[in-house]
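Per-entry structural report
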Amino acid sequence: MCTRSLAPRVHKPPGTPERANRVALLRRLVAQRWSWRHVGPGIDGAAVVVEQLRLRTVEDEESRNLHVDNSHVCFMWYYTVADVYENLTQIVTIWVYDPESSSKEELQWTATRPSRHSLILTKLLNTLGQQPYIHTLMKKKVYIPDALSEDGTWVVHLPMSSDDLMKEIRGNKVAFQDCFISNLKFLLTFPVVTIAENPKDLPLMLPHGSPLMSTWDSCIPTFAVLVTDRETFQTNNSFHTWTRIRVPPGILSDAERRNVSDVALFKNGIMFLINGAIYLKTRKTFEKLDSSKGVPETEIIGIQRRRWCTVKYLFKSARKKSLLAIWTRSELYLGYSEFRFMKIMDSSRLKEALQLNPSDTVVIQNVEYTWHPLELALILYYCSSCSTTKHTRMLLYNEDSTRWTIQDFQLELPMSSKIVTHFLYSALPDLILWDAHSVYYYYKNFTVSGTMGTTGGEKNLSKVSSGSKIHNVVVDHFGSILIKMENNVMFFSKADITDAIKLPIWANNTIKSALFFNRSSKVYLVYFSENYLVQTQEYPLFLEIESRVYNSNDKCPYLAFQHNIFSDFYFIDKGETLTIWTQIVYAENLGLHIIVEEYGPNILTWTQDISYEIASGLCTKTMYTTFFQTTNYESVNDYFKLEDKNMGLMLVQFRPSEFSKTCPMAKQVFEIAVGCDADKYIQVKGFNRTECHRRDFSYMIDKEYLRDSPPENMKVRYDVGKYGCPQRLEFNDPFHPVIELYDENGFIKIVEANFIVWEIHGRNDYTFNYTMKQSGCINEAQTFKSMIEENKGLPLDDVWGPQNYKTCFSYAVGKPGDLDQPYEILNHSNKNHLLWPMDHSGMYVFRVKILDPNFSFCNLTSIFAIETFGVIPSPSVYLIVAFLFVLMLTFISILVLSYFWYTKIYRQFIFEPLHKPPTKLKKN
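What this report covers is the structure whose coordinates are included nearby. (Residues numbered from 1 in each chain as written. Predicted model: local features only at pLDDT ≥ 70, side-chain atom pairs only at ≥ 80, totals over all residues. Heavy atoms only, no water.)

1. Details of the overall build of the protein
The helix and strand inventory of the protein stands at ten helices and 59 strands. Computed over its C-alpha atoms, the radius of gyration of the protein comes to 39 Å, more than 25% above the 29 Å expected for a compact globule of 924 residues. Buried positions account for 50% of the 924 residues belonging to the protein. For the protein, contacts bridging at least 24 residues in sequence account for 63% of all contacts bridging at least 6. Surface exposure of the protein reaches about 46,100 Å², of which carbon and sulfur atoms provide 52%. Across the protein, 98 positive and 99 negative side-chain charges occur, with their mean positions spaced 4 Å apart. (Helix = DSSP H or I, 4+ residues; strand = E, 2+ residues; numbered from the N terminus. Rg over C-alpha atoms; globule rule 2.2 N^0.38 Å. Buried < 20%, exposed > 50% of the residue type's maximum accessible area, 1.4 Å probe, protein only. Contact = heavy atoms within 4.5 Å. Areas by Shrake-Rupley, 256 points an atom, 1.4 Å probe, with all protein chains shown as cover. Lys, Arg positive; Asp, Glu negative; His and termini not counted. Charge placed at Lys NZ, Arg CZ, Asp CG, Glu CD.)

Spelled out as structure tokens, the structure:
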């Protein structure tokens, strides 16, 4: 139930929206290459103007219905990109243009500099305080441009990226004549180079009369290949420019070159399936893959690579993710880096998995990767007599666990039918399949299934398409399903919707075309003819949908579905939480709500907090969903086994309880990886490896200062690039390391958890200022000495860590002992410090390691170095003995000399009277 509250007042911007509406309509029409007969006057409130539009590309014109509403967005961003390979940057030049008064080049996106009107408009908006910036949607980075240049453009320098592809140009909220600038999303990737064309080479092509074959890179849809019955074309900019893909003569016969049956595109090459064999075309070579790569040389019937882009994923095992799959009728192979393949399934194992009789026939029909980055599906059929009907089943394979799972999927088809599979943008393994005439759907984890029909109930799409066959089916991240027939008739549906609408005719039925996605993730058509070769045209999908459903009752049940899910991938580490905010706004009394669905291992707990509000007849439901883990990893029997059990990849989706084909988004899907983020690391505060200007040097460690008491002194070479700059400390300065946590985006927080340090070269001539008793220990705490004795034979890095940490603050753990020993565990809040010897200086290279078992799945370590100086020198034993000898000799000498001196004096007084008698004077 929604609770009522006072309705807020609605503030309308000043000015009339006539120009904004006119420009908004013009922008949509020009962007989609439509022409208009008349644009009506300004519109107030929610009034709608319906215009009759004429399409020039078809002979049989068909009227359209166009929805126009109030808008204060009149201007648009224009940009160009220049690649600088010297420093791996991309220079993006931005300006503002007005579709109502821009140049022809700007409308066609071929301009390299602003037109005169755009130049004046850009400088005027800059004077009003406008400044664009580029926001990356994956990593949430912001790039600010330089000041506006003299030619009326802003210039932004971006690093080339292969994992932060989607960008958006945003600006300040600055208006001119009550008009704002629309944000612009675009795809900007690391430059992809196409294969150069050699005029001496020969073309590769489909069999004569075949419909076009299209494929593109899952992460870069502008990087694509088109195969025709005349040539093969490749592009890296949505066919604005393209090159022919040809092969050297003498490798394939003419018949083989004209018999391409499948194609797969990679950044370093293009793979073709010709007469049951795999051929790889790279920039330098064209070769047949054979048994040396693990590939069967004949009878291959299909190639498949991932349709969905997964920039990040989590592997629990040491296995690698496959790049593609190839299959024969009885065997499945997965391909990895350097195009090496491994067989993972054959017909005998399939019969065992399905519990079939050895005499039954099992045939692999298709292989398809799901939206889950580590799963793929194997579509097969089995039959006994194999006369008229085949039983189609599905197995899911997880590359991480290497497990095969039989799905609740069954489909009876004629023996002559060939099916193609496509998994939808969904956390659950939802999919559609199609043959030449029908599309089959399996929604909500195979609980809803059937054959997709039209609004009139016809399930054979060929019957409502003049007998044409299904050419291709394209799906996107918004849940849209676009079905294209060979004669260019198209149908549209949505994920979880069981019927499709026939769209207005866009192109005549004689021209060959294929569907692609451009750099804004919008659908466009590529036409091919012998005279004009390749031509492109944007397809106004959502305008066509609005036009078709205008007179129907197909309305979106909600007004807004909002959320803070800005990424397809999230990490959750120990002790961390992920809170997702979602909100749905709908007309009162419809009773909508938000559904949360998950797929994958049960490794997370989640709670919800829901609030309701009613205002002006609209109900707003806001939901906070918090994901977290409650497992305690301290003092467990098998730490690593428990970690492995609670790690994994979980898929989550949020969707409204009801939606229709006119809703902008069917669901929002993302991954939650519970485990170690490979980009997470720790660093000791004050130590930096990149700003050290010292050279490598060597030093000696006296053998008596080493833990293992070796027979000789140890010479160590100090690698500045590996250890960083050492910090110089006086011998009487204690040191307390402060640990900082970082990831790919920079500093996260100060680590509060317990950690340990040890000298990596084995020095033990340092100690700690706190004893176990001073630290509050009840029982004897762990030390490196005790842990080495318990784990003999293990490297020093492995003897002590979160896997065997035991607290000393519990009566139940440990045993009483000598609590006057140094306490070797540190954390950010305790007063424990490292103390240095006072009788000699030294170079100490420490490794720090997080000890708390509940802190992270990662083995977080770092290295820092301390150099002590200013010590009181220790006197030599020989020097002391010599000094004492000299002192005693001097003392004895003084005694002897004193004896003789006093003896002389005494003897003089014995033989000579002390007072002489007075002498008599002689008389003269």
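2. With respect to the sheet that holds strand β52 (residues 727-730)
Reading across from one edge, β52-β59-β58-β55 is the order of the four strands in this open sheet, with mixed pairing throughout. Looking at which strands have only one partner, the edges of the open sheet turn out to be β52 and β55 (755-759). Here the average twist between neighbouring strands, direction ignored, is 35°. Two strands pair when backbone bridges link them, and strand β58 (residues 843-850) and strand β59 (residues 861-869) are joined in this way by seven bridges, in the antiparallel orientation. By the bridge assignment, Lys849 is partnered in β59 with Thr861. (Pairing = 2+ DSSP bridges. Axes fitted to C-alpha atoms, helices over the stretch in contact; angles between N-to-C directions.)

3. Observations concerning the packing of aromatic side chains
Any pair of aromatic rings gets described here by the distance separating the centres and the angle formed by the planes. The full count for this structure, using the stated rule, is 49 aromatic pairs. A ring pair is formed by Tyr766 and Phe768, whose centres lie 6.3 Å apart and whose planes are at 70°; its orientation type is edge-to-face. Taking relative accessible area as the criterion, Tyr766 reaches 12% and is therefore assigned buried. With a centroid separation of 6.3 Å and an interplanar angle of 90°, the aromatic rings of Tyr766 and Tyr844 are classed as edge-to-face. Of this pair, Tyr766 sits in the loop between β55 and β56 (767-768) while Tyr844 sits in strand β58, and the two are 78 residues apart along the sequence. An aromatic cluster is present here, built from Phe687, Phe735, Tyr766, Phe768, Trp836, Tyr844, Phe846 and Phe864 joined pairwise through their rings. (Phe/Tyr/Trp six-rings, centres within 6.5 Å; stacked < 30°, edge-to-face > 60°.)

4. A word on the sheet that holds strand β19 (residues 277-281)
Read from one edge to the other, the open sheet built from four strands follows the order β17-β18-β19-β20, with strand pairing classed as antiparallel. Only two strands of the sheet have a single partner each, and these edge strands are β17 (260-266) and β20 (286-288). Strand-to-strand twist across the sheet, computed as the mean angle between neighbouring axes with direction ignored, equals 20°. When β17 meets strand β18 (residues 269-274), the two strands line up antiparallel, connected through six bridges. In the sheet register, Asp262 faces β18, and the bridge partner there is Leu273.

5. Observations concerning helix α5 (residues 347-354)
By the burial criterion, the buried members of α5 are Leu350, Lys351 and Leu354. Down the axis of α5, the sector holding all buried residues measures 100°, keeping them to one side. Where α5 is buried, its residues meet β24 (341-346), β25 (361-369), β26 (375-383), β27 (389-398) and β28 (403-406). Downstream of α5 by a residue or two, Gln355 has a phi angle that is positive, lying close to 55°. (Arc of directions from axis to C-beta.)

6. What to know about the environment of Ser709
Within the secondary structure layout, Ser709 lies in the loop between β50 (697-701) and β51 (714-718). Owing to a relative accessible area of 56%, Ser709 belongs among the exposed residues under this scheme.

7. Here's the deal with the side chain of Ser161
Its place among the elements puts Ser161 in the loop between β7 (154-159) and β8 (166-170). You can call Ser161 buried: its relative accessible area is 12%. Polar contacts involving the side chain of Ser161 include one to the main-chain amide nitrogen of Asp164, which spans 3.0 Å. Beyond its immediate chain neighbours, meaning those up to four positions away, Ser161 contacts Lys167, Thr189 and Phe190. (Polar contact = N/O pair within 3.5 Å; in protein donor to acceptor, adjacent residues only side chain to side chain.)

8. Overview of the state of the cysteines
The tally for this structure, following the rule as stated, stands at five disulfides. Linked covalently through their sulfurs, Cys676 and Cys858 form a disulfide whose S-S length is 2.1 Å. Residues Cys676 and Cys858 share a disulfide whose torsion about the S-S bond is about 110°; that sign makes it right-handed. Of this pair, Cys676 sits in the loop between β48 (668-674) and β49 (681-684) while Cys858 sits in the loop between β58 and β59; the two residues are 182 residues apart in sequence, bridging distant segments of the chain. Across the disulfide, Cys777 is cross-linked to Cys808 (sulfur-sulfur distance 2.1 Å). Disulfide Cys777 to Cys808: torsion about the S-S bond roughly -55°, handedness left-handed. Within this pair, whereas Cys777 is found in the loop between β56 and α9 (784-790), its partner Cys808 is found in the loop between α9 and β57 (834-835), the two being separated by 31 residues in sequence. With a relative accessible area of 4%, Cys808 lands in the buried category. (Disulfide = S-S within 2.5 Å.)

9. Description of the pairing of β24
Of the strand pairs in this sheet, strand β23 (residues 331-335) and β24 are connected by five bridges, and their pairing is antiparallel. Its bridge partner being in β24, Leu334 is matched across the sheet by Met342. Once β23 ends, the chain turns through five residues before running back antiparallel as β24, passing Glu338 with a positive phi of about 60°.

10. So, the nonpolar core
Counting residues in each nonpolar core, the largest one holds 72 residues, and the members touching the most others are Ile432, Ile483, Phe627, Phe654, Phe670 and Ile672. Here Phe670 is in contact with Trp371, Ile565, Ser567, Asp568, Tyr570, Leu578, Ile580, Met650, Leu651, Val652 and Phe654, once residues within four sequence places are set aside. Of all hydrophobic cores here, the second largest spans 40 residues; its members include Ile682, Tyr805, Leu819 and Ile866. (Core = buried A, V, L, I, M, F, W, Y, C linked by side-chain atoms within 4.5 Å.)

11. Brief notes about the side chain of His135
As for its position among the elements, His135 is in strand β5 (residues 133-136). A residue is classified by how much of its surface remains accessible, and His135, at 10% relative accessible area, is buried. Beyond its immediate sequence surroundings of up to four residues, His135 is in contact with Lys140, Lys141, Val142, Met166, Lys167, Glu168 and Arg170.

12. Overview of unusual backbone geometry
Look at Trp109: it is not a glycine, yet its phi comes out positive at around 55°. Inspection of the secondary structure puts Trp109 in the loop between α2 (104-107) and α3 (116-127). For Trp109, a relative accessible area of 26% puts it in the partly exposed group.

13. Here we look at the environment of Met452
In this fold, Met452 is placed in strand β33 (residues 448-454). Its relative accessible area of 1% is what places Met452 among the buried residues. As a C-alpha pair, Met452 and Gly814 span 362 residues in sequence and 67 Å in three-dimensional space.

14. Concerning the pattern of salt bridges
Evaluation of the coordinates by the stated rule reveals 30 salt bridges. Of the charged contacts, one joins Lys667 and Asp496 as a salt bridge, the two residues approaching to 3.3 Å between their closest N and O atoms. On the criterion of sequence distance, the pair formed by Lys667 in the loop between β47 (648-656) and β48 and Asp496 in the loop between β36 (490-494) and β37 (499-502) is long-range, its members being 171 residues apart. Assigned by exposure class, Lys667 and Asp496 land together as buried. In this structure, a network of salt bridges that share partners links the residues Glu197, Glu231, Arg244 and Arg246. (Salt bridge = Lys/Arg side-chain N within 4 Å of Asp/Glu carboxyl O.)

15. Points about the environment of Leu188
Structurally, Leu188 can be placed in the loop between β10 (184-187) and β11 (202-203). In the structure, Leu188 is positioned 20 residues away from Glu168 in sequence and 9.7 Å away in space, judged by C-alpha atoms.

In short, geometric facts, not functional conclusions.
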